[in-house]
Structure formats: C-alpha cells, structure tokens
Amino acid sequence: MTRATTVRAVLAAAVLLVSVFITLTKSPKLGLDLQGGTRMVLQAKDSATAKADQESTDRTLEVLRQRIDALGVAEPTLTRSGQDRIIVELPDVQDPREAAEVIGKTAQLSFHAVQGLATQSDDKADAKAGDGPTLPDEQGRMLDLGPARLSGAGVKDATAVFDSQQGAGWTVSLDFHKEAGQSWTQLTGEAACHPIQDDRRRVAIVLDEQIISSPEVSPSVGCNVGLPSGSTQITGSFTADEAKELALLIEGGALPLPVEIVEQRTVGPTLGDEAIDASARAALIGAAATALFITVIYRLFGALAAVALAAYGLISYAALVALGVTLTLPGLAGFVLAIGMAVDANVLVFERAREERIQHPGRSLRSSLTAGFRNAWSAVADSNITTLIAAGLLFLFGSGPVKGFGVTLAIGVLASMFSALVVARALTEVAASSRFVSNHQGVNGITAPGRVRTWLTRRDPQLMRSPRRWLLISTALVAVAVLGIVVRGVNLGVEFTGGRLVEYSTSQPVDVEQARTALADAGFGDAEVTTAGEGDISVRTGNLDNEGEHAMRAALEEEGGKTTKVRDELIGPSLGEELRRNALIALCIAVLVQLAYLAIRFRWTFAVGAVAALVHDVIILVGAFAWLGRSVDGIFLAALLTVIGYSVNDSVVVFDRVRELWAKARRVPVATVANRAVLQTVPRTINTGMGALFILTALAVLGADSLADFALALLIGICVGTYSSVMTAVPVALVLERSSKAPPPARKRAPRRRSGTKSARRDPLDNGARV
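A few points on the structure. (Residues numbered from 1 in each chain as written. Predicted model: local features only at pLDDT ≥ 70, side-chain atom pairs only at ≥ 80, totals over all residues. Heavy atoms only, no water.)

### Thoughts on the sheet that holds strand β18 (residues 536–541)
By way of backbone hydrogen bonds, the strands of a sheet pair with one another, either parallel or antiparallel.
Line of reasoning, step 1. Overall, antiparallel pairing links the eight strands, which are arranged β3-β4-β2-β13-β19-β16-β18-β17 in an open sheet. The outermost strands of the open sheet, each flanked by one partner alone, are β3 (77–81) and β17 (528–532). Within the sheet, the average angular offset between the axes of one strand and its neighbour, ignoring direction, is 20°.
Line of reasoning, step 2. Sitting on the sheet, helix α17 (residues 512–521) is in contact with β17 and β18, with an inclination near 145° to β17. (Pairing = 2+ DSSP bridges. Helix = DSSP H or I, 4+ residues; strand = E, 2+ residues; numbered from the N terminus. Axes fitted to C-alpha atoms, helices over the stretch in contact; angles between N-to-C directions. Contact = heavy atoms within 4.5 Å.)

### Notes on the side chain of R425
Line of reasoning, step 1. Tracing the sequence through the fold places R425 in helix α11 (residues 401–432).
Line of reasoning, step 2. Judged by its relative accessible area of 16%, R425 is buried.
Line of reasoning, step 3. Separated by 2.8 Å, the side chains of R425 and E429 make a polar contact.
Line of reasoning, step 4. Setting aside residues up to four positions removed in sequence, R425 forms contacts with R8, T370, F373 and A420. (Buried < 20%, exposed > 50% of the residue type's maximum accessible area, 1.4 Å probe, protein only. Polar contact = N/O pair within 3.5 Å; in protein donor to acceptor, adjacent residues only side chain to side chain.)

### Description of a negative patch on the surface
Line of reasoning, step 1. Taken together, the side chains of D511, D521, E557, E558 and E559 define an acidic patch exposed on the protein surface.
Line of reasoning, step 2. For the negative patch, the element with the most residues is helix α18 (residues 546–560), which contributes three residues.
Line of reasoning, step 3. Mapping E559 onto the fold places it in helix α18.
Line of reasoning, step 4. In this structure E559 comes out as partly exposed when scored by relative accessible area, which is 34%. (Patch = residues over 30% accessible without salt bridge, like charges linked within 9 Å, V, L, I, M, F, W, Y side chains within 5 Å. Areas by Shrake-Rupley, 256 points an atom, 1.4 Å probe, with all protein chains shown as cover. Salt bridge = Lys/Arg side-chain N within 4 Å of Asp/Glu carboxyl O. Lys, Arg positive; Asp, Glu negative; His and termini not counted. Charge placed at Lys NZ, Arg CZ, Asp CG, Glu CD.)

### A word on α18
Line of reasoning, step 1. In a regular helix each residue adds 1.5 Å, so 15 residues correspond to 21 Å; α18 covers 21 Å between its end C-alpha atoms and thus fits that length.
Line of reasoning, step 2. Those residues of α18 lying buried are N546, G548, E549, M552, R553, A555, L556 and G560.
Line of reasoning, step 3. Structurally, the start of α18 carries an N-cap: the backbone nitrogen of E547 is 3.4 Å from a side-chain oxygen of D545.
Line of reasoning, step 4. Of the residues flanking the end of α18, it is G561, one or two places downstream, whose phi is positive at about 75°. (Expected span 1.5 Å × (residues − 1).)

### A closer look at the pairing of strand β10 (residues 203–207)
Line of reasoning, step 1. The buried fraction of β10 amounts to five of the five residues, a majority that puts the element mostly inside the structure.
Line of reasoning, step 2. Side chains V203, I205 and L207 of β10 all project onto a buried face; the interleaved residues A204 and V206 project onto the opposite face, where all are buried too.
Line of reasoning, step 3. In this structure, strand β5 (residues 109–117) lies alongside β10, joined through five bridges in antiparallel fashion. Within β10, the residue paired with S110 across the bridge is V206.

### With respect to the sheet that holds strand β6 (residues 134–136)
Line of reasoning, step 1. If you trace the five strands from one edge of the open sheet to the other, you get β6-β7-β5-β10-β11, paired in antiparallel fashion. This sheet does not close on itself; its edge strands, each paired only once, are β6 and β11 (211–213). On average, adjacent strands in this sheet sit at an angle of 55° to one another, irrespective of strand direction.
Line of reasoning, step 2. The strands that helix α6 (residues 178–191) touches are β5, β7 (142–151) and β10; relative to β7, the one it contacts most, it runs at about 150°.

### So, the environment of G629
Line of reasoning, step 1. Relative to the assigned elements, G629 resides in the loop between α20 (604–628) and β20 (631–632).
Line of reasoning, step 2. On a C-alpha basis, the gap between G629 and R488 in space is 7.6 Å, while along the polypeptide they are 141 residues apart.
Line of reasoning, step 3. Among all residues touching G629, those that are not within four sequence positions of it are R488 and N491.

### What to know about the packing of helix α19 (residues 573–601) against α20
Line of reasoning, step 1. As a packed pair, α19 and α20 sit with axes 8 Å apart at the nearest point and diverge in direction by 150°. Judged on the interaxial angle alone, α20 and α19 are roughly antiparallel. As for how α19 packs across α20, the hand of that crossing is right-handed. Residues V591, Q594, L595, L598 and A599 of α19 pack against A607, V608, A610, V611 and L614 of α20.
Line of reasoning, step 2. The residue makeup of the contact of α19 with α20, split by class, is nine nonpolar, one polar and no charged. (Parallel < 35°, antiparallel > 145°, perpendicular 65-115°, else oblique. Left-handed = near helix turned anticlockwise from the far one by under 90°. Nonpolar A, V, L, I, M, F, W, Y, C, P; charged D, E, K, R; others polar.)

### With respect to α20
Line of reasoning, step 1. Spanning 25 residues, α20 covers 36 Å between terminal C-alpha atoms, matching the ideal 36 Å at 1.5 Å per step.
Line of reasoning, step 2. The buried count for α20 comes to 18 of 25 residues, which makes it a mostly enclosed element.
Line of reasoning, step 3. Two residues or fewer after α20 comes G629, characterised by a positive phi angle close to 70°.

And the structure:
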C-alpha cells in the first residue's frame, strides 16, 4: 500500500470517527415542517418616529422575543432577515391566532392627565392645538388628554392580579422604575388638586391610542402629594385572559416599529412525523437499490462504492448536525439527492478505469484505477461546481425551506466528493493491491467492458452525422411545452401569487363538492377546494386572516366531524410578488453564471451548447407541469434549479471528453470527435441516470405527499436532461463550430518515454488503442 493510499485511509477513518461521535452525541435541529409548528415572516414598517432600518428592526426583534418567551413557547427562534424582516418560528404552535395577536400589537403604552370632556367649540379646538389626543373613555365619552407624561418604557414589571378584597376582579399591577415612579407621583399629585368626581382628577392609561383605564385618584391622596412611586393598578373589568395579555404586552415593551405578517406557515406534527418516516423509508430503499445496482455493474468495486455511499450518509448527516443546520423536508430530499451525485463520481472513475484497463491490457489493475481517478477528476470537479452554483442560488434567492434545501444540497455535494475521492479511493486502492482481485476479472468489476460499451463498439452508431436533425426534435419538444404554458397556463402556487392555502384532515370522509358547498354557505364562495393526500381537503383563498381561517375550519367540521389543520400557508401579496421576481432573477443568474463558467473552462461554443440544453430543459419541465396542472411553487423552484445543475453536469462530462479527444486529434473533423466522445460517455450517462432514478422513484412513490411534485419534477428533469446533454448541447456546439474559426483545443504534453522503447501507432480518438 502506497503512502498516498495510507494518508487517504487515515483521513477517511478520522473523518468517519468524528462523524460517528457527532451523530451519537448531538441531535438534529428539525424544521417546523418536520416537528410541527408555525413560522411567520414579519415586515417592519416605517413609523412616525422611527425608520425601518437594521438597528430599529433589531430592537423590534428583542421586544418580540420577550413577548414570545412570556407566551411559554418551547425553544422559539427569532432571526432578522435583511434590514426590515423578522423570521419567527414557534414549535408546536398549531393555532397561531393568539401568537399573531400578541406579536402584531405595537403596545404603545402612555399615561396622560385628563383635561376634561371634549367640546365641539372652535375655541376649545384652538386651545387644544398641539396638545394631547382626544379619545373615548370606558363609557364612550370623549376626553381631552394632555401630553403623555409617562410611557411604557418606565414600567419595570407588569403582572395580572385578581383583586378579591376590593372586588375589582382581574387587574394589572404595575411597578415603575425609579425616575418613572417619580413622574407617576407628580402626575397623580396634580390630578389630586381637582375636586372629587371632576374628570380632571382622573389619569388616563392609553394603550395603542385607546383608553383602557382612566381611574380617579383616591380622595385620600393630597394635592401635589400623589401616589407612592412604587406601583399602581390598572382596572377595567378585565377577564383573566385579557389581564394576562395586557400585562404581557406592557412588560414586553412597545414595538419600535409596527409590523405586518407577510408570510405564515403552520404544519401539524402528524404531517411532520409522516414526512420523516416516509422520507427515511424512501432514502433507505432508494439507497439500497442504488447500492445493489452499482454492485451488479462494478462487482467488488461497486460494493466498495456502496460502502462509501454509507460513509457519505454518515458524514453529511454529521456535518448538518455540527453546523446547526435546520433539517427541513426539502432538505431531506437534498440529502437523498446528493447520493446520486456520489454515485456519479464513482461511475465516472470506474468507467475511466475500465477504459484504461481495456486499452492497456498489460497495465496493472492498480495503475488503471489510478489513471481512472486522474482522468475523471476534471469532469467530477466541473460537474460538482455547477451543482454548488445552483445550491448557492437557492440559498440567495429562495425562502424558508428552499434555503434549507440549498444548504443541505451544498453540504451533500461536498460530502459526496469526499466519499468518492477519498473514502472510495482508499477502499478500492487497497482492494486493487490484492493479487486475487487483480487476477480474477469477474471479481474486480472494471476489467470487462460492460454490455453497453460492447454493444456501442460493435454497432458504432454515427449519432452526430446530422446534428440539425436532433435540433429539430428538440425544437418540437420545446414547442409542445410552450403550447402547454400558453393553453393551460402555469399554476403558480400561493408562494408566488399571495393568498392562503390550508389543508385539513377530517375524521369523516368529505368529498370536494360537500366541502365546497359548506364553505360557500359560510361565506367563502371564492375558495378553491381540492383533494390533498389521502382524503384530506385543500382550500386556497385570497387574503384570509386567522379569524376567517377559524370560521372556515368550523364550517368543515359540520360536514366531516373533527377537523385538524395539517398545513397552513399565508403569503402576503407583496411577498408573493417579490418571490416571483426573485425566482426569475435566480433563473437568469443561473443561466448567465453557468454560461460564464463553461466559457472559461471550455470553449464558447461548448458553453452556448450547454446553456441551450439548460434552457431547453427548463422550458420542457415548466411545460410538463403546465400540461399536468401541477403547482409551481418554491419547492418546484428548488427542483428546477437542481435540474439546471444536473443538466449542466451531464453536458460537462460530454464536453470534457470532446475536449480531451479533440486535443489529441486536432485534424480530425469535430463531428467525428464529438460522436466518439458521446459513445464513450454513454455508459457513464446511463449508469449515473439509473442511480439517480432509483432514488427519485423511491421519493416519488414512497416519500411524503409534499415531496411528490418535487420528485416528479426531478424525474422529468433528469430524463430530459440526459437527452438534451447529448442530443441538444452537442448538436448546438457542432453547428456553432462550423461557423467558428477558432483553432482546436491545445494538446496537453504527454510524459516523456524512456529511451530505447518503441511506441506503436495509436488511434488518437481511442485513447491509446493500437491500430
């Protein structure tokens, strides 16, 4: 065993041991779609006294944190997003009405001197100019108030108290800070100078421009003496809940800025448990099928690659836990999907090693394997970088779970590269050093050419003889997709249009017509009612507040018995427009970045060909969803950007081989070179595609219902992308090369041969095969 192999083995063992330790000692941070709860996105707005900048938003966040902590929610999460948005996650909160009411109130508390009853005279109005507000008291009488003498910031503590001795019922007891207590003493002392039962002897306590209590100063309080500075009580015939909520608002403090709920998502815990179980089951079955497939194709080396896949799962999971990444349902999908990326790297290496073994029968198995890793490195690096670009765009322009998918996909890609290039390489190099493995072709799995390669070698089809023919077929497919977009239209989800989408589970079966009639009778005639999952009811409406949702659920309970909310998404129109704009920006940037990267790494003709295939795949995927009537939402955007990465991945592998062969045969027509490159990479394309299809089929059939559209989009995208990377990207590049005068790519310097050896004449397109 060489020193390099030893280093790889030690590194792999160290990383695996650390991963095992992290897995056993830390628990994953589950997103709300896996554990149940409510997620809100709050938009801070400018007020008369403050602007919605980063500093004021941070202050607002801290006030909200105090309020939510007082609600008793276990492990809430509050983070600022941008300069004026706050993301609030409340685990286990299924009915967000109470939280929304407490969170949304500005709670501007102030204490005023009462100047008397308001009059309609012009003289009184003039006298009041620039003075305090005029507000109705508890009895509906309009009171003229003086300027605020004390604000809620001076309150040190607020507690709901039941006063049984004086019969006041539920009250709110206030304790003041030192300076505020002095102001309170001065305010009540001035009020005590007025006669008993005079309105001016009262002190008005105003919350959010509404008088909640205006008690009269006790007759026992002397003029200019006032009440003690320590504490006071707010009375007002409160119920227990009203008193506790008022105390919570006062103690939490006033919001520096008013906030608006622009997004709200609620997921039931049952859906989360089912999603975890379904995704885990799909992951195990899909991974097992993929491992079995590569073991059948590559025998012992395939089995060792399957072991490396298990290592990938352990490493990527440990990385997610160690970094504190919130694991969401789309994140689980990204975790599973990256298995396909790990398979792709192993397949690339094994196919290149198989070529080396076939072309150089006298070369040792170890040397062929080393050459396979060396020759595959360029394609592996380029294909994974393009996927990382897609993951980065998901994180930058996505929201909520889509961001989580981008992070998980990026970590999965990096872990897959480590498992393929370090773990799998160490295992296969150790195996290749065995004489038994080297001498038995049926064991190692890379000595035999394989059925696909044998068939292609015997037939030698000239696929690139007429590239325009393939472009006509691709154009026809795009036309069908565009027709679906025009005729059927794109069913944009609530995430892009704004509105509210709620899914309910009923104890008794309710068909769509029953649900639609019940909701129409309750005043929700414009609601779109469909089925969701196994007998669940999905309701989509325009703007609907939490009270309206509660009424809608009550209407369904009359038809279906006990009704449980399993999913609730509310998106404000402004946020929907922003997400729609960001989605288009993400797609445009994805195309431009991929074009620039490929133009730098390859030729501009290859870059245009790859991007043409990319656009081809995007249009066909959107068109397919239009024909099927499927929803296009944020999860679809995640799938679309993943397909972009996968499509470019396939094109990179083909063009990498074209560049390599063309550099060795600069005088050979580029169409001949491209045809040979396509035939040489077809085994890799088929084997990689099959590995990914196992995973995605398992997700589509066995995964959670919420992943069905995601898996379907990827299935369509991978099938179309596999076709377009060969039959669209390469023909476009060939057509452009015919009009381009750029010279063929430069040939890399070959290593010097030892003196005294003779070299046989070789076919430059066959990587060393003698002719």
